[in-house]
Each structure stands twice: as structure tokens, then as C-alpha cells.
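# Topology and contacts: notes
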Amino acid sequence: MTERPTIGTPTPPSDLPPPSPPAPTSTPAFTVAAGRRFLRDDEVTRGRALLVVRLVIGVYLLELLLNLTRPHVLPDEPSLTIFWRFPGMPEEGALDSFGSLFAIPRTAFWGVLAGIVVGIALQAVIVRMPSKDRRATVLTWAALAVLLGSFALFSLFVLAKSPLLVLACVPTSAFALWLIHRAQRFGWLPLPMLLTAFGWGALIQWGVGRAFTNLAYGTINGYMYEGTDLTGSTTDGPGNQVDFTFTFDLGYRTIDVTLLHLSTVNQLAAAAGVVLLILMFRHRVTDVVTGLVLGAAAGLGYNFTESVIVIELWSILSSLNGATGGFEYWIRQSVSLFGSQVVFGALVGAGIGLAAQTRRRAQRVGLVTAGLVAAIGGAVANEVLSAWLSGLVRDHVGIGGTLDTLVISPAIWLAPQVPFLTVCLLLLRSGSRARVAAARVAATAEAAEAGVGGAITGREVPFLMDPALRFWALVSTWRRHGPAAARALRRFQRAQLEVAGWRWQQERAAEAKALGAREQPQAQEERETQDAQETQETQEVQQAQEAPEAPEAPEAREAREEGEALQARAMRLRTDVGRLVGS
């Protein structure tokens, strides 16, 4: 007696073909062809990406100019405050380690300036080349890498000083990134795109924030306290001796403005990263889930580098105030791993994703601005309110005890983040529901068009669209036919969802094209008579009938070939599952 196949799995045909070769992996070798598979290389994309990068570089040069022209409030200040060092600072010990941890490496600073010069030179060469020249494409990506990659030197300097802390933060960050990836449920972003978002946050975003804010601190200090007497006499008089106690107090007074500046730069850098990734990488659809996932991944990368420097900082200061780096690891890499920068980056990305779904410029600007304001306000409130709450409970709870470490301190740190985390979860839920509804429509249309022998059948649509039913089908297949059949079914389900995602992408593209055509201005003047319009329409119809069939556009041909490849892969996996289930 033949065992009944598991519900939700394909029924094996009577004449099974030979097993198909294994499907190619989703992460091919790093070749030029593989890069073109994930990256867009059209002229419009390159131009927009360069525009974003030019804005970043322009703001950095403005920060540099403001720092150069700031009022000098201390004697013997260098031209740039990032080169200033406290006179008399000990060469060894905790204070020296503290200073070196926050000092700007001169190599990194000059590396950024050299990257800007090289990037400008490459763009000057690109302008002289034809837009469709392959070399122009390569040089454009090289210019982007040089202009932005130089900011990664600041992050690499910090990470290289603490390799053991880097290794300690890898497992938790990798697990969090996997959860962010799984939160999509449908229409998954390519894995290289998600990893690039993490790398953007860990290297570029953190480096940009440090490069900008270190300059801004000196600028704010100079402009806010211009003419202030720091030594008991005027700053213009000779022979002044710096009062270091007052200098440190001055730093505390300017920290509020610097914190606001840092939060603003961080979220603007996150927004730039999300926009660049959406522009450069090929993906199915851009919606609120896309932006939220990319922003969260970038925030997770930022949290990775920030955790390394904060843990190292508290380890250095342990000899002065008894603090430990282990507590900071518990807070940043465990309790609040999905809070702080991950939440705020997700808000920025969600605003960009929502803006991408609207066609009105005013609505786009409003949505992006709302996401940025919420993220910047949340970042500032998180630092200020958590410090304020900590001061309230300091006299009532023993610092460093078990209750404080496991409950009180994590609650104080997380309390300001709860409203923003709630908003992110609601946006993710709403976006996921919209995706599932669109996927059901696309899968139903694919099943109706392909028929019984297609990549998706009508009987499989309910199982495919319900995660619980898909999981139940996998468990039942595992129990009845073994792990090999369950793994094959999982690959087949994933391929079916890719087909549905491709069809959804094509339907959205067709809708956008039709909407854009309706919004174009009318070609005829309203003063033309009805007879003249009818004559013109008749002539156009005749010309269209006599004209030869227009060749298929490269984008349409590429999309059609991609769909055919996805459907063929799903059919091969269907055969493999049928063979394993029927054996």
C-alpha cells in the first residue's frame, strides 16, 4: 500500500525524470558577473549615488571650514582642534589610554582628505568618458568606494586596537542580524545587501559620526565661548596658563550641543546608507519593511563598533571609578541589542521606505523628515533620560549589586527606547501584512497562469502564504519521509516564494509605469476641435499598425529571463521533492 503524500507537498509524477543537478548557491563567488547580479549599473543609478556621496563630502568640508575659522579660546591652539592634546597629559596610564581612544588618528584624517582628492580626480576623468563606456561604470564605483571608504579608517583604528572585544561581539551581532533577516518573511533582501548595510553602519556610519563630531566639538567650543576668560585673564593676553579644571567643566557644558550634533550626523549617515543601498542593489520591492530592515542592519553595525569602544572605555576607567567592561557588554550586546541604534536606524529606514511608495514630493519629504526627527529625538532622549533616571535611583539602589545589574540598570537604559521600539514593531507588522496580501495575489495569479504543471499550483497557494502551514508541512515531511525530503521541500517553498516575489515586482513596475503615463501632461491643447483629435488618433493607429514590432527593451528582457530562470528552478526542485517523497 502506497503511503499518502504529505499535504502541502507536490505529488510525485508516475514517470520520474533523473534527479536534477543541485541548484546554485545564493551567494556565488565574488566575480564581476556576480557583482552585476546584485548591483545596478545604469547611468541614472550612478548619478544619484554620486549625488548622495557628494552631499556627505560637502557637509564634511563645511565642518572642516568651520573648525578652521573658529575663534580660539585657549593659548597655542592648533589650526584644527582634532590635533590638540592636553599639555601635561601623562604618556602612560589610564588617562593616556583614554585620550588615545578618543583622539582622531592623523593617518585616518589625512586618509579622508586624500580620498576626497582622489575621488574628485576620478570624477573629472569620468566626465570626459561616454556615459555608456564600461570604464566609466568601473571608475564611478571606484570613486564611491574611495570617497566613502576613507571614513572607515576611523572605525578600523578602533576595532584594530581591541581584537578580542571584536571577536566577543561577533556571535551576538550575527545572531541579531539573522533575526532581522528572518523578520522579512517574504520578499527577502539579497544577503549581500543586508551584509553591506551592517558594514555600512559598522565602518562608514560610525566613522562619519566620529569624523564630523570631533571637528564639531572644537567648533562649538570656540563659537560658544568666544572671548571667555579661562585663566583669570583675557585669552588675548600673553603668558596665559590653562586652568584644566575649568577646561573640563567647559567640555561638560558643551556636551549637550555636541550630543545633538552627533545624533543628527549619525541618523543622516544612516539615511544616506539606506538610500545608497536601495539605489545600488537589485531587490524585489522597496517598501516600509525594506527600509526598516536596512536601517536596523545599519544600526546593528553601528552598535557593533560602538560596543567595542564603550566596553574598552569602561575597562580603562575601572581603575578610577570601579566600572567594568563586562557590564557594558551585558547592556549593549545582550539586553539592548535590538534597542538604541538598531531602533533609531529602523525608524530612519522606515521613513525612507514609506516615502518610496508615494509619488508626491511633499509627502516624500514629510515622511523622511518624520523618520529623521523621531530617530534624532530618540537618540538624544535615550542618553539624557537614562542619565536622569539613573540619578533618581542612585540613592535608593546599591550600584553594582545583583538587582542593579540584572534589573534596575537595564530597565533605566531601555525605558526611553520602549515607545520607539513599539512604533518599529507596529510598522513591521503593518508592512508584513501588506506583503503577505500582495504575495497571495501574485501567487494566485501565477498559479492561474501556469496551470497544474507550473511553479505554483492553486492547491499550494494557501500553504505557501501561511508560515504556520509551511512549517507544519516541513515537520510532517520530516516525520514521514526523512530530513532530506524536508530540506528539499524547504528549498522548493523558498523558490516558489521567489517566483511570487518576482511576479509581484513585475506587477508593481507595470502599475508604476501606467500611473506615470497617466500623470504626463496632455500632448494636445484643449482648444483643438474634436474632429482634429479624431483625425490625429486615426493616423496614429494606422502608423502603429504599419510600423514593425518594437524590439524588447533590455530591462524587460532581463526581467523576463529572470522570471523564466526562477520558474525553471522551482520546477527542478518540485521534481526533486517528488522523487524523495515517492521513494
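Residues numbered from 1 in each chain as written. Predicted model: local features only at pLDDT ≥ 70, side-chain atom pairs only at ≥ 80, totals over all residues. Heavy atoms only, no water.

## A closer look at the overall build of the chain
From N to C terminus, the chain includes 21 helices and zero strands. Classification of the 583 residues of the chain by burial places 43% in the buried group. Contacts in the chain between residues at least 24 apart in sequence constitute 81% of all its contacts with a sequence separation of at least 6. Split by element, the accessible area of the chain, about 31000 Å² in all, is 63% carbon and sulfur. (Helix = DSSP H or I, 4+ residues; strand = E, 2+ residues; numbered from the N terminus. Buried < 20%, exposed > 50% of the residue type's maximum accessible area, 1.4 Å probe, protein only. Contact = heavy atoms within 4.5 Å. Areas by Shrake-Rupley, 256 points an atom, 1.4 Å probe, with all protein chains shown as cover.)

## Structural notes on the packing of helix α14 (residues 361-393) against helix α15 (residues 402-414)
Contact geometry of α14 with α15 gives a least axis separation of 8 Å together with a crossing angle of 145 degrees. In this structure, α14 crosses over α15, and the sense of that crossing is right-handed. Taken together, the residues of α15 that come into contact with α14 (itself represented by Asn382, Glu383, Ser386, Leu389, Ser390 and Val393) are Ile408, Ile412 and Trp413. Taken together, the residues of the contact of α14 with α15 sort by class into five nonpolar, three polar and one charged. (Axes fitted to C-alpha atoms, helices over the stretch in contact; angles between N-to-C directions. Left-handed = near helix turned anticlockwise from the far one by under 90°. Nonpolar A, V, L, I, M, F, W, Y, C, P; charged D, E, K, R; others polar.)

## Comments concerning the packing of helix α7 (residues 163-182) against helix α10 (residues 288-316)
Where α7 contacts α10, the two axes come as close as 10 Å, and the packing angle between them is 160 degrees. On the basis of the axis angle, α7 is roughly antiparallel to α10. Relative to α10, the crossing made by α7 is right-handed. Contacts between α7 and α10 involve Leu165, Val166, Cys169, Val170, Ser173, Ala176, Leu177 and Ile180 from the first element and Val293, Ala296, Ala297, Leu300, Phe304, Ser307, Val308, Ile311 and Glu312 from the second. Tallied by class, the residues present in the contact of α7 with α10 amount to 14 nonpolar, two polar and one charged. (Parallel < 35°, antiparallel > 145°, perpendicular 65-115°, else oblique.)

## Re α15
For α15, which comprises 13 residues, the first-to-last C-alpha distance of 18 Å matches the rise-based estimate of 18 Å (1.5 Å per residue) to within 8%. Of all bends in α15, the biggest is about 35 degrees, found at Ile408, and the proline Pro410 comes one to four residues later. Where α15 is concerned, the buried positions are Asp404, Ser409, Pro410, Ile412 and Trp413. Turning to α15, the residues buried within the fold contact α12 (325-335) and α14. (Expected span 1.5 Å × (residues − 1). Bend = angle between axes of the 7 residues up to and from the residue.)

## Some thoughts on empty space enclosed by the protein
Using a probe with the size of a water molecule, rolled over the atoms, empty space left in the structure can be pinpointed. A full pass over the atoms with the stated rule returns four cavities of 30 Å³ or more. Taken as a whole, the largest cavity holds about 80 Å³ of empty space. Taken together, Arg185, Phe186, Val436, Ala439, Leu464, Met465, Pro467, Arg470 and Leu497 make up the full set of residues lining the largest cavity. (1 Å grid on protein atoms, 1.4 Å probe; cavity = no way out; pocket = protein on both sides within 12 Å on 5 of 7 lines; lining within 4 Å. Points joined across faces, edges and corners; volume = space filled by probe spheres on them.)

## Section: the nonpolar core
Residues Tyr60, Phe109, Phe151, Leu276, Leu294 and Leu300 are the most contacted members of the largest nonpolar core, which totals 84 residues. With 15 residues, α10 is the largest single contributor of residues to this core. Dropping the residues within four chain positions of it, Leu300 is found in contact with Ser173, Ala176, Leu177, Ile180, Phe198, Leu337 and Val342. By size, the runner-up hydrophobic cluster in this structure holds 29 residues, among which are Ala447, Leu474, Leu497 and Ala500. (Core = buried A, V, L, I, M, F, W, Y, C linked by side-chain atoms within 4.5 Å.)

## Looking at the confidence of the model for the chain
Counting all residues, the mean pLDDT for the chain is 78, and 75% of those residues have values of 70 or more. Contacts from residues 1-34, a stretch scored under 50 in pLDDT, to residues over four places away or in other chains number 45 contacts. Here residues 232-239 is modelled with pLDDT under 50, and outside its nearest four sequence neighbours on either side it reaches seven contacts, counting other chains as well. (pLDDT = per-residue confidence, 0-100.)

## Brief notes about the side chain of Thr213
Tracing the sequence through the fold places Thr213 in helix α8 (residues 191-224). When sequence neighbours within four positions are dropped, the list of residues in contact with Thr213 reads Thr258, His261 and Leu262.

## Observations regarding the environment of Ile126
Summarising the element assignment, Ile126 is placed in helix α4 (residues 106-127). For Ile126, a relative accessible area of 14% gives the class buried. The spatial distance from the C-alpha of Ile126 to the C-alpha of Leu139 is 6.8 Å, given a sequence separation of 13 residues. Apart from residues no more than four positions distant in its own chain, Ile126 is found in contact with Ala136, Leu139 and Thr140.

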